[in-house]
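# Fold and contact review
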Amino acid sequence: MTDLTVPQQLIARSNRLGSDPKNTNYAGGNTSAKGTETDPVTGQPVELVWVKGSGGDLGTLKEAGLAVLRLDRMRALVDVYPGIEREDEMVAAFDYCLHGKGGAAPSIDTAMHGLVDAAHVDHLHPDSGIAIATAADGEALTSKIYGDKVVWVPWRRPGFQLGLDIAAIKEKNPQAVGCILGGHGITAWGDTSDEAEANSLWIIDTAAAYIAENSKAEPFGPALDGYGALPEAERRAKAAALAGTIRGIASKDRPMVGHFSDADVVLDFLAAAEHPRLAALGTSCPDHFLRTKVKPLVLDLPASASVEDSIARLKELHEAYREDYQGYYDRNATADSPAIRGADPLIVLVPGVGMFSFGKDKQTARVAGEFYTNAINVMRGAEGLSTYAPIDEAEKFRIEYWALEEAKLQRMPKPKPMASRIAFITGAAGGIGKATAKKLAAEGACVVIADLDLAKAQAAAAEIGGADVALGVAADVSDEVAVQAAIDAAVLAFGGIDLVVNNAGLSLSKSLLDTTGEDFDLQHRVMAKGSFLVSKAAATVMIAQEMGGDIIYISSKNSVFAGPNNIAYSATKANQAHQVRLLAAELGAHGIKVNGVNPDGVVQGSGIFASGWGANRAAVYGVEEKDLGKFYAQRTILKKEVLPEHIANAVFVLCGPEMTHTTGLHVPVDAGVAAAFLR
Ligand SMILES: NC(=O)c1ccc[n+]([C@@H]2O[C@H](COP(=O)([O-])OP(=O)(O)OC[C@H]3O[C@@H](n4cnc5c(N)ncnc54)[C@H](O)[C@@H]3O)[C@@H](O)[C@H]2O)c1
Ligand SMILES: [Zn+2]
């Protein structure tokens, strides 16, 4: 340990603390260390503070995530501090304290770290500590649990003044190792990195042990009749059936990606009598409001309520939620508050089923769910010992609509064109489907790769991205039950579906006389019926979402061109092509566009060509199989070979942000084949 530099020690400690969820929530809290280095300008020693910068997570913090400030200049800020009304100005002043360039932007909590007179400081958001911090008698509990080793600091919004408060408390209480910040979290310190870490862990673990020993038996009250968890298969099915409606509710103002959790923590909370009162009190820790909104929408029906009744009630509750949120905004906003950011819930709780959480992308949605799970843990601890008493509404509003937070949001990069969209692509383990999934994911979509072989679907998903981007599922598209299961899996993974690509296919090249009845059925089962089943199951979700959507069919040149030896394949491709027109006409009322792509001659990467079709076509055209791509290129008008990526690009254009007013269209992507021109 001792051979590590000061910032290396800080990173190691931060990673250890941040990787255990009992110590702090995702991206919550910050740590610091003070030390001396040689100033390259003067050659003299200079005192510095390394402090976790704005953004990022302690568990994965690296040196680049630290802000490095000069302590003499930081301390000098105390003399120019204009008072609490203008404390936000001090964040900009931190930039004038930076030592060298690079490093992260100093966060709002920098003052606490710089001003507290201790070499190492940890500020954390542990569930156990926040339970004490949000208990109605948190101050009394703090002294009961910790004696004079931990000091109570009444709620104050994070900022320069809170830093001054904590510095003063540390000075007045030399015996103290840290404090409980009312309504918020904990801060601990030490002369060495190990000492600070030990003090942090001692505060966290002592609170947890005290809660475990002293909590009342049923902190959330007695079980509520009929609100217990449904059996797993039943609750997953109900969650999937409700997901589209719930995503639509969360997305009225702007489209959201969803995350579903049926963890015991959530189900137990919803099964107990006090959950409506507690949920209405809202969360407390300052990190929460942007992520979860002040409070969730809670369905007030028992687990046994039918899907239809649940949907009807959710819609009523949504209206009430929006009015309530608007009221909260109107009551608290001042002339210079940022504009309202949308009035839809980010957390929706369904008794017996679980929690739906939402965000602009999957990671944000998942973390919102983690945060609400933190909030449940906090409420359990606080109610177990006392009464849960979060900070008041006006303070919550000040944090949610803080000018500094708004500025952070404004600095976020512009979202990618397919951000927040969820695509379901069949036959996407390889060939055109995989290229399409790759393209849509690269443009910001979440993608679900459905194919016959689970391992191959998962391998393709892993190639494209982690679980927040791509999911592989097994589905034979000709099997109605399997299709529904795959759609359900997609909906539970990402909250809903916006975009379907009917791409799964296989190809037999046979003359009429050689084509068996089973050949004919197989081609039609997979392509005509398969895409019908997928469109139907996905449209059910899209219609419930009321967010529009896209269905794209990968048809074929052969849907219009009468090539040789192709009766079964081309007939079912023509069937798919007409599904495009039929569904475009039928689904337009729901804002769902239906279009198709007619590829031709995509040899590279195509499983269809590799598995016999290529050899057969080559024989039909009298060329060698390896030259088939070039052969196809030569018979095109543009004399270009068509690759899977070209089909993927056409799919992106058809469902992307530019092509908003086109439905019922087929786009040939064949480098120009006059015989297949559409008319
Ligand atoms: N390659 C071309 O030149 C060309 C031309 C016109 C149309 N198409 C069409 O493009 C689509 C993709 O073809 P490709 O060339 O990428 O072929 P490919 O064989 O590489 O991909 C087809 C995928 O569909 C999957 N699949 C087959 N049956 C399935 C089923 N019942 N359920 C789920 N998945 C199933 C396969 O496992 C495979 O991963 C097909 O519909 C094909 O007819 C291809
Ligand atoms: Zn904090």
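Placed above this text is the structure.
Below is a summary of the structure that appears in this document. (Residues numbered from 1 in each chain as written. Chains lettered and ligands numbered in written order. Predicted model: local features only at pLDDT ≥ 70, side-chain atom pairs only at ≥ 80, totals over all residues. Heavy atoms only, no water.)

## Some thoughts on the overall build of the chain
For the chain, the helix and strand inventory stands at 24 helices and 18 strands. Taken along its principal axes, the extent of the C-alpha atoms in the chain is 95 × 70 × 45 Å. Here the chain holds 679 residues, and the buried ones make up 56% of them. Sequence-distant contacts, at least 24 apart, represent 73% of the contacts inside the chain between residues at least 6 apart. A distance of 6 Å separates the average location of the 63 positive side-chain charges in the chain from that of its 83 negative side-chain charges. (Helix = DSSP H or I, 4+ residues; strand = E, 2+ residues; numbered from the N terminus. Buried < 20%, exposed > 50% of the residue type's maximum accessible area, 1.4 Å probe, protein only. Contact = heavy atoms within 4.5 Å. Lys, Arg positive; Asp, Glu negative; His and termini not counted. Charge placed at Lys NZ, Arg CZ, Asp CG, Glu CD.)

## Focus: the layout of surface pockets
By volume, the second largest pocket is sized at about 920 Å³. Contributing elements (two or more residues each) for the lining of the second largest pocket: α17 (431-442), β13 (446-451), α20 (517-545), α21 (567-587) and α22 (607-621). With 6 residues, the top contributor of residues to the lining of the second largest pocket is α22. Residues belonging to the lining of the second largest pocket are distributed by class as follows: 21 nonpolar, 17 polar and 9 charged. (1 Å grid on protein atoms, 1.4 Å probe; cavity = no way out; pocket = protein on both sides within 12 Å on 5 of 7 lines; lining within 4 Å. Points joined across faces, edges and corners; volume = space filled by probe spheres on them. Nonpolar A, V, L, I, M, F, W, Y, C, P; charged D, E, K, R; others polar.)

## Section: the coordination of the zinc ion (ligand 2)
Donor atoms from the polypeptide that bind the zinc ion (ligand 2) are His123 (NE2), His125 (NE2) and His184 (NE2), placed at 2.0 to 2.1 Å. Donor residues for the zinc ion (ligand 2) sit on one chain with the sequence pattern H-x1-H-x58-H. By the burial criterion, His123 is buried, and His125 matches it. (Donors = N, O, S within 2.8 Å, 3.2 Å for Na, K, Ca; no water.)

## Re the site of ligand 1
Of all residues adjacent to ligand 1, which total 26 residues, the nearest are Asp451, Tyr569, Val602, Ser606 and Gly607. Within the side chain of Asp451, an N or O atom sits 2.6 Å from an oxygen atom of ligand 1. A distance of 3.0 Å is found between a nitrogen atom of ligand 1 and a backbone nitrogen or oxygen belonging to Val477. Calculation on ligand 1 without its partners gives an accessible area of 820 Å², and the protein chains cover 91% of this total. Taken together, the elements giving at least two residues each to the shell around ligand 1 come down to α17, α21 and α22. (Near = heavy atom within 4 Å. Polar contact = N/O pair within 3.5 Å; in protein donor to acceptor, adjacent residues only side chain to side chain. Areas by Shrake-Rupley, 256 points an atom, 1.4 Å probe, with all protein chains shown as cover.)

## What about the nonpolar core?
Among the nonpolar cores identified, the biggest contains 77 residues, and Phe356, Phe424, Ile487, Ile497 and Val594 are the most heavily contacted of them. Ranked by residue count, the leading element in this core is α20, at 9 residues. Those residues within four positions of Val594 in sequence are excluded, and the remaining contacts are Ile551, Tyr553, Val580, Leu583, Ala584, Leu587, Thr663, Gly664 and Leu665. Formed by 31 residues, the second largest nonpolar core is a distinct cluster that contains Ile425, Ala428, Ala441 and Ala470. (Core = buried A, V, L, I, M, F, W, Y, C linked by side-chain atoms within 4.5 Å.)

## Examining the sheet that holds strand β18 (residues 666-669)
In spatial order, the strands read β14-β13-β12-β15-β16-β17-β18; together these 7 strands make up an open sheet with parallel pairing. The sheet terminates laterally at β14 (470-474) and β18, the two strands that pair on one side only. Geometrically, the sheet is characterised by an average inter-axis angle of 20 degrees between neighbouring strands, direction not taken into account. Where α17 meets the sheet, it contacts β12 (422-426), β13, β15 (499-502) and β17 (592-599), and its direction lies at approximately 170 degrees from that of β12. (Pairing = 2+ DSSP bridges. Axes fitted to C-alpha atoms, helices over the stretch in contact; angles between N-to-C directions.)

## A closer look at the side chain of Lys396
Note that Lys396 resides in helix α15 (residues 393-400). Of the buried charged residues, Lys396 lacks a salt bridge, with Glu393 as the closest side chain of opposite charge at 7.6 Å. From its side chain, Lys396 meets the backbone oxygen of Leu281 in a polar contact 2.7 Å long. Here Thr283 takes part through its backbone oxygen, which lies 3.4 Å from a polar atom of the side chain of Lys396. With sequence-adjacent residues up to four places away left out, Lys396 is seen in contact with Leu281, Gly282, Thr283, Phe289, Val294, Tyr328, Pro390 and Ile391. (Salt bridge = Lys/Arg side-chain N within 4 Å of Asp/Glu carboxyl O.)

## Regarding the packing of aromatic side chains
Enumeration according to the criterion identifies 13 aromatic pairs in this entry. Taken together, the ring pairs connect Tyr325, Tyr328, Tyr329, Phe397 and Tyr401 into an aromatic cluster. The positively charged end of Lys293 is found above the aromatic ring belonging to Tyr325, 4.8 Å away from the centroid. (Phe/Tyr/Trp six-rings, centres within 6.5 Å; stacked < 30°, edge-to-face > 60°. Lys NZ or Arg CZ within 6 Å of the ring centre and 35° of its normal.)

## With respect to the state of the cysteines
Per the stated rule, a full pass over the model turns up 0 disulfides. Not part of a disulfide, Cys179 finds its nearest cysteine sulfur in Cys285, a span of 14 Å. This cysteine, Cys655, is not joined by any disulfide, and Cys446 carries the nearest cysteine sulfur, 14 Å off. Residue class for Cys655 comes out buried when judged on its relative accessible area of 1%. (Disulfide = S-S within 2.5 Å.)

## Digging into the packing of helix α9 (residues 232-250) against helix α19 (residues 480-494)
Helices that pack against each other are described as a pair by the angle of their axes relative to one another and the distance between those axes. One can describe the packing of α9 onto α19 by two numbers: an axis separation of 9 Å at closest approach and a directional angle of 75 degrees. One finds that α9 runs roughly perpendicular with respect to α19. Side by side, α9 and α19 meet where Arg236, Ala239, Ala240 and Ala243 of the first sit next to Asp488, Val491 and Leu492 of the second. Tallied by class, the residues present in the contact of α9 with α19 amount to 5 nonpolar, no polar and 2 charged. (Parallel < 35°, antiparallel > 145°, perpendicular 65-115°, else oblique.)

## Describing helix α1 (residues 6-18)
Its 13 residues give α1 an end-to-end C-alpha distance of 18 Å, which sits within 8% of 18 Å, the value for a rise of 1.5 Å per residue. Those residues of α1 that sit buried are Pro7, Gln9, Leu10, Ile11, Arg13, Ser14, Leu17 and Gly18. On its buried face, α1 is in contact with β1 (30-38), β2 (45-52), β3 (66-70), β4 (120-124) and α8 (193-214). (Expected span 1.5 Å × (residues − 1).)

## Examining the sheet that holds strand β9 (residues 297-298)
Spatially, 4 strands are ordered β8-β11-β10-β9 in an open sheet, and the strand pairing comes out mixed. Both edges of this open sheet fall to β8 (257-261) and β9, since each of them pairs with a single strand only. Strand direction decides the pairing type here: β8 and strand β11 (residues 354-359), joined by 5 bridges, are antiparallel. Directly across from Val257, in β11, lies its bridge partner Gly359.

## Quick word on the pattern of salt bridges
Taken as a whole and judged by the stated rule, the model has 40 salt bridges. Two residues, Asp344 and Arg322, come together in a salt bridge whose shortest N-O distance is 2.5 Å. A residue pair is termed long-range when its members are at least 10 positions apart, and Asp344 in the loop between α13 (307-332) and β10 (347-350) and Arg322 in helix α13 qualify at 22 residues. Glu518 serves as the salt-bridge partner of Arg525, at 3.0 Å between the closest nitrogen and oxygen. By sharing partners, the salt bridges in this structure join Asp20, Lys22 and Asp205 into a single network.

## What about the environment of Phe397?
Here Phe397 lies in helix α15. When the C-alpha positions of Phe397 and Leu162 are compared, they lie 18 Å apart, and in sequence the two are 235 residues distant. Setting aside anything within four residues of it in sequence, one finds Phe397 in contact with Tyr328, Tyr329, Asn332, Ala333, Ser337 and Trp402.

## Description of the pairing of β14
Strand direction decides the pairing type here: β13 and β14, joined by 5 bridges, are parallel. Each bridged residue has a counterpart across the sheet, and for Ile449 the counterpart in β14 is Gly472. In terms of handedness, the path from β13 via helix α18 (residues 454-464) over to β14 forms a crossover that is right-handed. (Right-handed = clockwise from strand over helix to strand, strands pointing away.)

The analysis is restricted to geometry; functional conclusions fall outside its scope.
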